[in-house]
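Results of the structural survey
Residue-level listing of the chains:
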Amino acid sequence: MNHPAPRNRTALRLVSRCLCLGLGLGLVLACAREDRAALNRRSMAPSPRSGWARLSLDADAQRQMKGAWIGDEAGRSIPFQEAREGLWDTRALPLENLLTGRNAEGQPTAEFSLRLPEGWKVGERETLRLDLDLEGQTPWVAQVQAERRIEDGSQGGAFIAYDPAAPLHLYDLSPSGSRRTLNLPWDGHRYRLTLLPSQGTAPHIRRVQAYAETRPEALEAELALEGTLAPEPGRPRTWRLTLPDAERVVGLDLVLAPPAAPLHPEIRFGDGPESERGWACQDLVWNLPALGTRSSRIALAPVLTKTLTVSLPEGAAPQSLRLLVRRQTLIFPAEAGRSYALHLGGEAKPAPGSLGALPSLRVLAATAPLALGPREPDDQGIPHRIGADQRARPWMPWIAGLAMLILGGLAWRLFGRAEHPQA
């Protein structure tokens, strides 16, 4: 007797097992494993008081910022913001009691007070930007003496001069370029500006406009790294500087060999093809001992780099170069005495809400940043999910198609045998 039905059932069971086996293999190939080896955290010193705290990152933490999050002892994610230009809107500040003219020495001067918006205090933004409408015969270069006064009686009504690391200059060397904007820390009520001529005749101050900004890059650099410039082979009038590690550079202090009239240097970052990306330098540098004037400060948008090159016009040469570094800074609400850690190396753990809607952070420049501790394993981190074999993924559709052809052929053969049984 022939028994096709049992044979059909046997064939179907065999095909089902093969399909299940293929599906299981597919799931094994598709499944991902968790790589916890890259997870690490950096504990930070407790905040001395409750309120806004800021965390200054080192070079190692800056490289791992993708996926970073701040957590407390229980592993809860704490919302934070990166301190950066444009995080808070710029606000125009009307002036009161503006006086312009010349002082007893005949130097152009302007004196004014700031009218604060409703509910604001001095320092509501960290930086005061002053745009000046100047009138004078070009070319001219003027050093700015900036003073401020606090009108609460604590200073007896006296003006106190700023003492910047590099002299403040305004100039108009048309068509070479001009600068008529100052950036000052906002820590006073009333201000006085005096223009001291360095080249030509200092211009008359016609009008002043004030803006409150949060620009951490405009503050003083945290580090000034000395570097040795080496001539770049194959590139005339170009010098290279290489740091031991990548740093977040926000400015240069480039001193030219004297005498050097005002000029625009060409700055490029990185190695290889990426080094072709240059920085459109808008600051002029010069060194004229005979006139008693020198300018060396070049402001940069923050750039993480290990190598840079400086190109100068014919006849100019660098005397020294310092890189001005400001660490990437995170700001977050901290409770006094609580322990927090920066989690790195994995996926970010989302925190509820956004700090972008809150008012500005006057503490950003006023308090010392919290210190990061050494790297340690992180049992609260969220690992990246990595495929069992990333290189096999492009071939998986072909493998799956081949497997389906083999299984289809096997099923056809088994069903053929079931339909033509032997006696």
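See the structure printed just above.
Residues numbered from 1 in each chain as written. Predicted model: local features only at pLDDT ≥ 70, side-chain atom pairs only at ≥ 80, totals over all residues. Heavy atoms only, no water.

**Describing the overall build of the protein**
Inclusion rule: Only DSSP runs of H or I with at least four residues qualify as helices, and only runs of E with at least two residues qualify as strands; both kinds are numbered from the N terminus onward. Each residue is assigned to one of three classes by its accessible area relative to the maximum for its type, calculated with a 1.4 Å probe on protein chains only: buried under 20%, partly exposed between the two thresholds, exposed over 50%. With residues, only the protein chains shown are counted as cover, and all accessible areas are computed by Shrake-Rupley using a 1.4 Å probe.
Scanning the protein for helices and strands turns up three helices and 31 strands. Out of the 423 residues belonging to the protein, those deemed buried represent 41%. Put simply, the protein shows about 22900 Å² of open surface, and 55% of that area lies on carbon and sulfur atoms.

**Observations regarding the pairing of strand E10 (residues 127-135)**
How we decide: Each pair of strands is called paired provided DSSP finds at least two bridges between the two strands.
Pairing of E10 with strand E15 (residues 181-185) involves five bridges; the strand directions are antiparallel. Bridging across to E15, arginine 129 finds its partner in asparagine 183. Two strands pair when backbone bridges link them, and E10 and strand E17 (residues 204-213) are joined in this way by nine bridges, in the antiparallel orientation. Its bridge partner lying in E17, leucine 130 is registered against alanine 210.

**Regarding the sheet that holds strand E29 (residues 340-344)**
What the five strands build is an open sheet, ordered E5-E4-E29-E2-E30; its pairing is antiparallel. Pairing within the sheet leaves two strands with one partner each, and these edge strands are strand E5 (77-78) and strand E30 (372-377). Bridging between strand E4 (residues 69-72) and E5 involves two bridges; their strand directions are antiparallel. When the bridges of E5 are listed, glycine 71 appears paired with serine 77.

**Some points on the pairing of strand E24 (residues 285-288)**
A two-sided burial pattern is seen for E24, the buried positions comprising Val285 and Asn287 on one face and Trp286 and Leu288 on the other. As paired strands, strand E21 (residues 260-263) and E24 are joined by two bridges and run antiparallel to one another. Bridging from a neighbouring strand, leucine 263 pairs with valine 285 of E24. Sheet analysis places E24 next to strand E25 (residues 293-295), joined by three bridges and oriented antiparallel. When the sheet's bridge partners are listed, asparagine 287 is paired in E25 with arginine 294.

**Comments concerning the side chain of serine 113**
Where we set the bar: For this analysis, a polar contact is any N or O atom pair within 3.5 Å, provided that within protein one partner can donate a hydrogen and the other can accept it, and provided that sequence-adjacent residues contribute only side-chain to side-chain pairs. The criterion used for residue contact is that any of the two residues' heavy atoms lie within 4.5 Å.
Structurally, serine 113 is set in strand E9 (residues 108-114). Separated by 2.6 Å, the side chains of serine 113 and arginine 190 make a polar contact. Residues in contact with serine 113, not counting those within four places in the same chain, are Pro94, Leu95, Glu96, Glu151, His189 and Arg190.

**So, the pattern of salt bridges**
This is how the line gets drawn: Salt bridge, as used here: a side-chain nitrogen of Lys or Arg that lies within 4 Å of a carboxyl oxygen of Asp or Glu.
Summed over the entire model, instances satisfying the criterion amount to 25 salt bridges. In this structure, the salt-bridge partner of aspartate 60 is arginine 63, at a minimum N-O distance of 3.4 Å. Linking aspartate 60 with arginine 63, this pair stays in helix H2 (residues 59-63), spanning three residues, or about one helical turn. Residue class for aspartate 60 comes out partly exposed when judged on its relative accessible area of 23%. Here arginine 237 ties to glutamate 314 by a salt bridge, and the two come within 3.1 Å at their closest N and O atoms. In this pair, arginine 237 is assigned in the loop between strand E19 (230-231) and strand E20 (238-256) and glutamate 314 in the loop between strand E26 (297-311) and strand E27 (318-325), connecting sequence segments 77 residues apart. Sharing partners across several salt bridges, the network here consists of Arg42, Asp58, Asp60, Arg63, Asp245 and Arg375.

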